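Listed here are the chains, written in short residue letters.
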Amino acid sequence: MKRLLLFFSFFAGIVFSLTAQTEHRPATIFDELESPGTGTGTVRIYQDPAIRRLVGRYMSGDDIERNNNLTYLKMQGFRAQVFSGNNQRKSKEEAIRKERMIKELYPDMPTYVTYTAPFWKLRVGDFRSREEAYSLIRELKEAFPSFAKEMYIVKDEIKIPL
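Below is a short write-up of the structure. (Residues numbered from 1 in each chain as written. Predicted model: local features only at pLDDT ≥ 70, side-chain atom pairs only at ≥ 80, totals over all residues. Heavy atoms only, no water.)

1. Quick word on unusual backbone geometry
And then number 1: Going from A117 to P118, the amide bond is cis rather than trans, its omega being 0°.
And then number 2: As for its position among the elements, P118 is in the loop between β3 (111-116) and β4 (119-127).
And then number 3: Phi at N68 is positive, roughly 50°, even though this residue is not glycine.
And then number 4: Mapped onto the elements of the fold, N68 is located in the loop between β1 (64-67) and β2 (70-85).
And then number 5: Relative accessible area serves as the criterion here: at 81%, N68 is assigned to the exposed category. (Helix = DSSP H or I, 4+ residues; strand = E, 2+ residues; numbered from the N terminus. Buried < 20%, exposed > 50% of the residue type's maximum accessible area, 1.4 Å probe, protein only.)

Below, the structure written as structure tokens:
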């Protein structure tokens, strides 16, 4: 009889622990802050819904890029667009020429020459904020006043070294 009682209590303990694990869902920091507590005030968080979707999100293989020994996190950010041209014969060469000029002054700054039909583009930098990109544009306009009219900030997918 003791063995039977011990077996049922052991079995009930396992079932209870399994149901307790399935009922408890991990909460984000926002859910935790907004949950009501006894004897406490109410917290309301006003934010862009995109932030709530990102918090607690695991990075997928699409968000990470590996080149040689370096690992990058890909995310939305800003770049300075320095050149855009649609002349098939001259635009590629001009983008590469301007890239070389910028690389001479800023050797560690990443540059990207891309072709999106029908335009060749030269974009510079990987910035998380518009203000950082604007700071670079001011420097580039002083260094290269002849390209100043073409420079502006664009949203783009950037790579942040990890």
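After that view of the structure, there is still more to cover.
2. Focus: the pattern of salt bridges
And then number 1: According to the stated counting rule, one finds six salt bridges in the structure shown.
And then number 2: Of the charged contacts, one joins R79 and D126 as a salt bridge, the two residues approaching to 2.8 Å between their closest N and O atoms. Of this pair, R79 sits in strand β2 while D126 sits in strand β4, and the two are 47 residues apart along the sequence.
And then number 3: On the basis of relative accessibility, which here comes to 5%, the residue R79 falls in the buried class.
And then number 4: When the shortest N-O distance is used, the salt bridge between E150 and K98 registers 3.1 Å. Of the two residues, E150 is situated in the loop between α5 (130-143) and β5 (152-161) and K98 in helix α4 (residues 91-105); the sequence distance between them amounts to 52 residues.
And then number 5: Its relative accessible area of 3% is what places K98 among the buried residues.
And then number 6: Through salt bridges that share partners, R79, R123, D126 and D156 make up one connected network. (Salt bridge = Lys/Arg side-chain N within 4 Å of Asp/Glu carboxyl O.)

3. A look at the packing of aromatic side chains
In this description, an aromatic ring pair is defined by two values, namely the gap between the centres and the angle between the planes.
And then number 1: A full pass over the atoms with the stated rule returns two aromatic pairs.
And then number 2: Considering the side-chain rings of Y115 and W120, the 4.9 Å spacing of their centres and the 45° angle between planes classify their relative orientation as tilted.
And then number 3: When the centroid spacing of 5.0 Å and the interplanar angle of 5° are considered together, the rings of F144 and F147 count as stacked.
And then number 4: A relative accessible area of 8% means that F144 is categorised as buried.
And then number 5: Directly above the aromatic system of Y112 lies the positively charged group of R79, at a separation of 3.7 Å from the ring centroid.
And then number 6: The lysine or arginine in question, K159, covers the ring of Y72, its NZ or CZ lying 6.0 Å from the ring centre. (Phe/Tyr/Trp six-rings, centres within 6.5 Å; stacked < 30°, edge-to-face > 60°. Lys NZ or Arg CZ within 6 Å of the ring centre and 35° of its normal.)

4. Observations regarding the environment of Q47
And then number 1: Turning to its location among the elements, Q47 is positioned in the loop between α2 (29-34) and α3 (49-54).
And then number 2: Given a relative accessible area of 27%, Q47 falls into the partly exposed group.
And then number 3: Apart from residues no more than four positions distant in its own chain, Q47 is found in contact with F30 and R52. (Contact = heavy atoms within 4.5 Å.)

5. Details of the side chain of T111
And then number 1: Tracing the backbone through its elements, the reader meets T111 in strand β3.
And then number 2: For T111, a relative accessible area of 13% translates into the label buried.
And then number 3: One polar contact links T111 to E99, side chain to side chain, over a distance of 2.7 Å.
And then number 4: Beyond its immediate sequence surroundings of up to four residues, T111 is in contact with E99, I102, K103, L122, R123 and V124. (Polar contact = N/O pair within 3.5 Å; in protein donor to acceptor, adjacent residues only side chain to side chain.)

6. Some words on the nonpolar core
And then number 1: Core analysis: the largest hydrophobic core is formed by 19 residues, its most contacted members being V82, I102, L136, L140 and M151.
And then number 2: Within the residue set of this core, elements represented by two or more residues are β2, α4, β4 and α5.
And then number 3: With near-sequence residues (within four places) excluded, V82 lies in contact with I102, L122, V124, L140, F147, E150 and M151. (Core = buried A, V, L, I, M, F, W, Y, C linked by side-chain atoms within 4.5 Å.)

Everything listed is a geometric property; what it means functionally is a separate question.
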